Amino acid sequence: MLKPTRMTRVVIAGTKDLMESVISTFHDLNLLHITDYSEESETFKIGKPLKPASKMSEYLLSLRSISNQLGIIENESQGTSKTRELQSRMDEKISTLQKEVSSRFDEMRDLESRIKEKEDIVNSIKPFFGLPLSLESYSGYGSLKVYIGYIDNDLDPKLSKITNNYELFIGESEKRKIFALFIPTVFADEVQKLLQDERSYSELKVPGLKGNPPVVLEALSREISDLEQKYAKTKAELENIKKEYSEFIIAADEYLSIETQKAEVPLKFATSTNAFIIDGWIPTSKYDEMEKELQKNTGGLVHIVKNEEKANNEDIPVELENPTSAKPFELLIDTFATPKYTEIDPSAVLFITFPLFYGIMLGDVGYGIIVAAMAYFIKSKFKTGGLNSLALILFLSGILSTFFGFIFGEFFGFPIFNMEVHGEMEHGLLGIAGPAIASIHMPIHRFGEVQSLLLLTFAIGIIHILLGLILGFRNYYEDHGLKHAILAKGSWMMILIGGVLLIAKLMPAVTSKLPVPTGDPVFMVGAVLAIVGLILLIAGEGFISILEIPTILSNVLSYSRILAIGLSSAGIALVVNTLSMDLFIRPDGELLGGGIVLALVGVVILFIGHVINLLLGILGPGLHSLRLQYVEFFTKFYEGGGKKYVPFGYKRKYTED
Amino acid sequence: MVADAGMIAIGAGIAVGLCGIGAAMGEQAIGAAAVGAMAEDEKFFGKGLLMTVIPESIAIFGLVVALILLFVFNV
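Criteria and thresholds
- Residues numbered from 1 in each chain as written.
- Chains lettered and ligands numbered in written order.
- Predicted model: local features only at pLDDT ≥ 70, side-chain atom pairs only at ≥ 80, totals over all residues.
- Heavy atoms only, no water.
- Helix = DSSP H or I, 4+ residues; strand = E, 2+ residues; numbered from the N terminus.
- Buried < 20%, exposed > 50% of the residue type's maximum accessible area, 1.4 Å probe, protein only.
- Contact = heavy atoms within 4.5 Å.
- Core = buried A, V, L, I, M, F, W, Y, C linked by side-chain atoms within 4.5 Å.
- Axes fitted to C-alpha atoms, helices over the stretch in contact; angles between N-to-C directions.
- Parallel < 35°, antiparallel > 145°, perpendicular 65-115°, else oblique.
- Left-handed = near helix turned anticlockwise from the far one by under 90°.
- Nonpolar A, V, L, I, M, F, W, Y, C, P; charged D, E, K, R; others polar.
- Expected span 1.5 Å × (residues − 1).
- Polar contact = N/O pair within 3.5 Å; in protein donor to acceptor, adjacent residues only side chain to side chain.
- Buried area = accessible area lost by both parts, 1.4 Å probe.
- Salt bridge = Lys/Arg side-chain N within 4 Å of Asp/Glu carboxyl O.
- Phe/Tyr/Trp six-rings, centres within 6.5 Å; stacked < 30°, edge-to-face > 60°.
- Lys NZ or Arg CZ within 6 Å of the ring centre and 35° of its normal.
- Pairing = 2+ DSSP bridges.
- Patch = residues over 30% accessible without salt bridge, like charges linked within 9 Å, V, L, I, M, F, W, Y side chains within 5 Å.
- Areas by Shrake-Rupley, 256 points an atom, 1.4 Å probe, with all protein chains shown as cover.
- pLDDT = per-residue confidence, 0-100.

K.L.:
How do you make sense of the overall build of chain A when you look at a structure like this?
P.N.:
In terms of regular secondary structure, chain A is built from 17 helices and 20 strands. Oriented by its inertia axes, the alpha-carbon framework of chain A measures out at about 125 × 90 × 50 Å. Per-residue burial for chain A yields a buried fraction of 43% across its 657 residues. Restricting to contacts in chain A with at least 6 residues of sequence separation, those with at least 24 account for 79%.

If you want it as C-alpha cells, here you go:
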C-alpha cells in the first residue's frame, strides 16, 4: 500500500547450452522483468533468436489467419490441452487446416462473385420483357444498325423525315417507354444525331444471350439458386470445421505464442560466443523462490548476482501493490501515469476520496441504488480487465451515493423525510420527520443549506490539498532531502494554512464592516505563517513563484463543484418531478385530475427525465471527482513517468505440460 | 426590497450565463483537439473526456457566485 513493490536487480550469467532451460524456467515463473541489452561491445552482442523462432512465427501467422477466417473467439469454458499432444500434431493439423479452410474460402469467394455476375445479367435482361423479340434478334446484322433504349417522345415523325425504311418496336418496362429501332447502316449518322438531341434518350446494352427473355430469366434464376445452395453447403462445412477445430486452434495459438515469446527473448540478452548474461528485476520477496528454481533446473551451473545497490531509480520497473479492495483504483493511476519507483502510489487514497466525492455529488438514494446495481451487474459479467475495475469503483461510489442520499433526504429528487421549506411543511415519501444523528437534524437539505455546505466543500478541499502537499513533502524528502522538501512543499503548506486562518478572520470583518482584527492571535498566527511560507517559496523557486499563489486559491474554490454538481443534478430531478407531478399526474393537487392520458404523459416525462439525469449523474460526478484527483490533488505530489513492471512469462489458460 | 431581489436574480443569471459561455469557448477547442486525438488512437477517449471537462470549473465558479448571491445576500 502507498508504495510500489520492492524490487531487486538480478544478473544471471551462464553458458549458452543452458540458455534454453533458463528461459523456460523464467517463463514458467513469470517473475523477471528483463532489461533490454542495448550497448553492444566487442565481446558482447545482442542475442539471436533461438532456432525454431521463424518456423514458430510462420505457424502462428497461418494459424491466426485461419482463426480470423473462421471467426473464432476465445472461449473461457474450454478445457486445457497437453502441450506434448499439441506439439506432435501441430505440423499435420495446421497444414490440413490451411488447405481445407483456404480452399473453401476461395470457393466461397468465387461463388459469391459468380452469383453477383448472374444477378447483374438478370437485371440487364429485365427491360427487354417489354419488347416482343428474343435476345439474339438484336444483333448479328450486316447492313442494319440497331438502337435500343429508353425514350419518352414518339420517334416515328422524326424518323420519317430521314427515311421510311425502318422498323420500330415500342414497349414498356417499369413504367418507362422502351424502343428497339432497326435501320439500314447508311442512316446511322443521322439517327445517332437525332437520338443525341433527344434528352430523354438513354441507351440500353443487350446482354449477349439467346432466347426469349422470360425463358432466359428462368434458366438464370435456376443457376443462381444452384450456386446459392453450393455456397450454403460450403459455409456449413466451414462451420463444421470451426466447431471441430476451434479448441485446437485456441490452444495451439497459446502454445505457439509462448514458444515464440521464448524463442525471441534472447534479443534482450547480452551474448558472447559461448555465454549469455541476463539483466533484470524481480520482486524482492520472490528472489529466493526464483533462485531455488533456477539452481534446480540448471544443476547449479548458472551464476546469479543479486545487486542490492541503488540503481538509477528511473530504470526500476514499477509494480503497484495494494490490498484487493483498493486494487481497482490502480486503473485510475494507470490512466494518469505510472508512478516512479520512489514515489507514493496514491491508489489507497483514491479508494477513499474518489467514492466520497462521487457520493456527495450524486447524493440520491434512488440514483445511488441504480448505479450500484448496474455496477454489480457489469462486475459479474466481466470478471477481469478494465471494465471489472471500473465497475468496482462505480459500485463503491453508488453505495456512498445512497448513503449521502439518506443524509440529504433525496429519492429521485423527491424528499424522503418531512421538512420545512420556506416556512411550509413539505411531506416526504416516508411521511416522518428525519432522525437526528449527533444532534444534527436529518435531512440536510441541499437547497436549504447552500451556505454551510459550500463551507464544508471548501474544508474538504483544504484537507485534500493539504494531504497532497504532505505526500509531496515526503516525495521531495525522499528524492532531494529535507531542505528542498521544506522549500518546495512546506512553503505551500504554510501559505495554505496561513491563508485559511487569515480569510477565516477577515471575511466576517469585511462583511460586517468591522475593523480588521489585527490583534486576534489566530489572525496573527495566520499572517506569520503565510509570510514565512511566502519567503520560503521565493527562496526556493524565485520571485516568479509569486504568480502561482492564486492557483492555491482557485484550487480550493474548485472543490465547490462537489456541491455545484450535486445541486444541478438535484435541480434537474426536482424540475422533472414538479413538471410531471403538478402538471400531469396531479393537476391542482388532485390525482388523475386531467384524465388518464395526461397522467401517462406525466409518467413518460418522469421516466425520460430521470433516465437522462441518471446518465448525467453517472458521467458528471465521475468525471469531476476524477478531475479533483488529477488536477487539484495529483499536481501537489505526483510526477509519474515510471516504467511498468512487465514480467517475462505467460499465464496459461488453454494448455498444460 | 423587491427590486433588490430582482437585481440579485439578474446578477445571478448573468454570472451563470457568462461563465457558461466562457467555459464553452474553452471546451470547444479542447473538445475538437480531443476528437482529433481520438481519431489517431481510440484509447485517448478517457483522457480526452477528462481534458474536455477541465474548463467546466469556470462554469462552476459562476454557479457558486450565483448561489452565494441567491442564498447569502438574498436574506
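K.L.:
What am I meant to see in the nonpolar core here?
P.N.:
A general tendency of soluble globular proteins is for nonpolar side chains to be buried together. Counting residues in hydrophobic clusters, the biggest one holds 58 residues, and the most contacted among them are A:Ile12, A:Phe26, A:Ile278, A:Met290, A:Leu294, A:Leu332 and A:Phe634. Of all the secondary-structure elements, those providing two or more residues to this core are strand E1 (7-15), helix H1 (19-29), strand E10 (275-283), helix H7 (287-298), helix H8 (330-336), helix H9 (347-362), helix H10 (365-381) and helix H17 (595-633) of chain A. Among the elements that line this core, the one with the most residues is H17(A), at six residues. Counting 31 residues, the second largest nonpolar core, distinct from the first, contains A:Leu453, A:Trp492, A:Ile565 and B:Leu67.

K.L.:
Explain the side chain of A:Glu330 here, please?
P.N.:
Residues and elements named next belong to chain A. Along the polypeptide, Glu 330 turns up in helix H8. Take Glu 330: its relative accessible area is 11%, and that puts it in the buried class. Contacts of Glu 330, omitting those with residues within four sequence positions, involve Leu 320, Glu 321, Asn 322 and Ser 347.

K.L.:
Even after reading the chapter, I still don't get the packing of H9(A) against helix H12 (residues 450-480) of chain A, so can you show me in this structure?
P.N.:
The geometry of a pair of packed helices is captured by two quantities: the angle between their axes and the separation between those axes. All names here are of chain A. One way to put it is that H9 packs onto H12 with a least axis distance of 13 Å and a crossing angle of 160°. Taken together, H9 and H12 sit at an angle that is classed as roughly antiparallel. Of the two possible hands of crossing, H9 and H12 adopt the one that is left-handed. Touching Val 349, Thr 353, Phe 357 and Ile 360 of H9 are Ile 460, His 464 and Leu 467, all from H12. In terms of residue class, the contact of H9 with H12 is built from five nonpolar, two polar and no charged.

K.L.:
Explain H10(A) here, please?
P.N.:
One turn of the α-helix equals 3.6 residues, which is why residues spaced by three or four share an orientation. Residue and element names in this part refer to chain A. Look at H10: 24 Å from first C-alpha to last across 17 residues, which is about the 24 Å you get at 1.5 Å a residue. Residues of H10 that are buried: Val 365, Gly 366, Tyr 367, Gly 368, Val 371, Ala 372 and Ala 375. Residues of H10 that are buried in the fold lie against H9, helix H11 (385-408), strand E13 (410-411), helix H16 (561-585) and H17. Sitting at the head of H10, Asp 364 places a side-chain oxygen 2.9 Å from the backbone nitrogen of Gly 366.

K.L.:
What is the right way to read the interface of chain B and chain A from this model?
P.N.:
A common way to report how large an interface is uses the accessible area buried once the components associate. Counting residues at the interface gives 15 residues for chain B and 21 residues for chain A. Summing both partners gives a buried area of about 1500 Å² for chain B against chain A, and 80% of it is carried by carbon and sulfur. Along the contact surface separating chain B from chain A lie zero salt bridges. Inspection of the region where chain B meets chain A yields four residue pairs in polar contact (both at pLDDT 80 or more). Those elements that place two or more of their residues in the side of chain B that touches chain A are helix H2 (45-52) and helix H3 (56-73) of chain B. When residues of the side of chain B that touches chain A are assigned to their parent elements, the largest contribution, ten residues, is made by H3(B). Residue composition of the side of chain B that touches chain A, grouped by class: twelve nonpolar, one polar and two charged.

K.L.:
Before we go on, may I ask you to explain the packing of aromatic side chains in this structure?
P.N.:
Aromatic rings considered in pairs are described by the distance between their centres and by the relative angle of their planes. Residue and element names in this part refer to chain A. A full pass over the atoms with the stated rule returns 24 aromatic pairs over all chains. Both rings, one in Phe 329 and one in Phe 354, keep their centres 6.4 Å apart while their planes meet at 65°; by these two values the pair is edge-to-face. Here Phe 354 lies in helix H9 and Phe 329 lies in the loop between strand E12 (317-318) and H8, a separation of 25 residues in the sequence. The exposure class of Phe 329 is buried, given its relative accessible area of 0%. Look at Phe 354 and you get buried, because its relative accessible area is 6%. Every member of this aromatic cluster is reached through a ring pair, and the members are Phe 336, Tyr 630, Phe 633, Phe 634, Phe 637 and Tyr 638. Cation over ring: Arg 6 sits above Tyr 341, and NZ or CZ is 4.6 Å from the ring centre. The ring of Tyr 150 has Arg 176 sitting right over it, with the charged end atom 4.3 Å from the ring centre.

K.L.:
Would you take a moment to explain the sheet that holds strand E6 (residues 167-173) of chain A for this structure?
P.N.:
Whether parallel or antiparallel, the strands of a sheet pair through hydrogen bonds between backbone atoms. All names here are of chain A. Sheet architecture is open: four strands sit in the order E6-E7-E5-E8, paired in antiparallel fashion. Sheet topology places E6 and strand E8 (202-203) at the edges, where each strand pairs with a single neighbour. Alignment of strand E5 (residues 144-150) against E8, held across two bridges, turns out to be antiparallel. Residue Tyr 150 lies in a different strand from E8, and its bridge partner there is Ser 202. Here helix H5 (residues 188-197) sits on the sheet in contact with E5 and strand E7 (176-184), set at roughly 10° to E5.

K.L.:
Looking at this structure, how should I read the environment of A:Ser38?
P.N.:
All names here are of chain A. Structurally, the position occupied by Ser 38 is in the loop between strand E2 (33-34) and strand E3 (45-46). Taking relative accessible area as the criterion, Ser 38 reaches 54% and is therefore assigned exposed. Taking the C-alpha atoms as reference points, Ser 38 and Arg 176, 138 residues apart in sequence, are found 76 Å from one another.

K.L.:
How do you make sense of a nonpolar patch on the surface when you look at a structure like this?
P.N.:
All names here are of chain A. A contiguous nonpolar patch, built from Ile 572, Val 604, Phe 607, Ile 608, Val 611, Ile 612, Leu 615 and Leu 616 and spanning about 730 Å² of accessible area, is present on the exposed surface. The topology assignment puts Leu 615 in helix H17. Given a relative accessible area of 54%, Leu 615 falls into the exposed group.

K.L.:
Explain the packing of H16(A) against H17(A) here, please?
P.N.:
Residues and elements named next belong to chain A. It is the contact of H16 with H17, at a shortest axis distance of 9 Å, that shows an interaxial angle of 175°. Classed by the angle they form, the pair H16 and H17 counts as roughly antiparallel. Broken down by class, the residue content of the contact of H16 with H17 amounts to 16 nonpolar, nine polar and two charged.

K.L.:
Help me out: how do you make sense of the pattern of salt bridges in this one?
P.N.:
Any two side chains of opposite charge can pair, given that their charged atoms come close. Residue and element names in this part refer to chain A. All chains considered together, the criterion is met by 19 salt bridges over all chains. With a closest N to O distance of 3.4 Å, Lys 327 and Glu 330 form a salt bridge. Given the relative accessible area of 36%, Lys 327 is considered partly exposed. Between Lys 644 and Asp 334 there is a salt bridge, with its nearest N and O atoms 3.6 Å apart.

K.L.:
Can you walk me through the pairing of E6(A) in this structure?
P.N.:
Across a regular strand the side chains alternate sides, sitting on one face of the sheet and then on the other. Residue and element names in this part refer to chain A. Two strands pair when backbone bridges link them, and E6 and E7 are joined in this way by seven bridges, in the antiparallel orientation. Across the sheet, Gly 171 pairs through a bridge with Ile 178, a residue of E7. Once E6 ends, the chain turns through two residues before running back antiparallel as E7, passing Glu 174 with a positive phi of about 50°.

K.L.:
Help me understand the confidence of the model for chain A in this model?
P.N.:
Low-pLDDT portions of the prediction should not be read for the details of their coordinates. Averaged over all residues, the pLDDT of chain A equals 86, while 97% of them reach at least 70. Element-level mean pLDDT values for chain A span from 68 in strand E16 (residues 424-426) of chain A up to 94 in H9(A).

K.L.:
Honestly, the side chain of A:Thr342 in this entry has me stumped. Any pointers?
P.N.:
Residues and elements named next belong to chain A. Here Thr 342 lies in the loop between H8 and H9. Side chain to side chain, Thr 342 and Asp 479 meet in a polar contact 3.3 Å long. Once residues within four sequence positions are removed from consideration, Thr 342 is found in contact with Asn 313, Arg 474, Asn 475, Glu 478 and Asp 479.

K.L.:
Please explain the environment of A:Lys48 as it appears in this structure.
P.N.:
Note on placement: A:Lys48 falls in the loop between E3 and helix H2 (53-70). Remark: the alpha-carbon pair of A:Lys48 and A:Glu291, spanning 243 residues in sequence, is separated by 25 Å.

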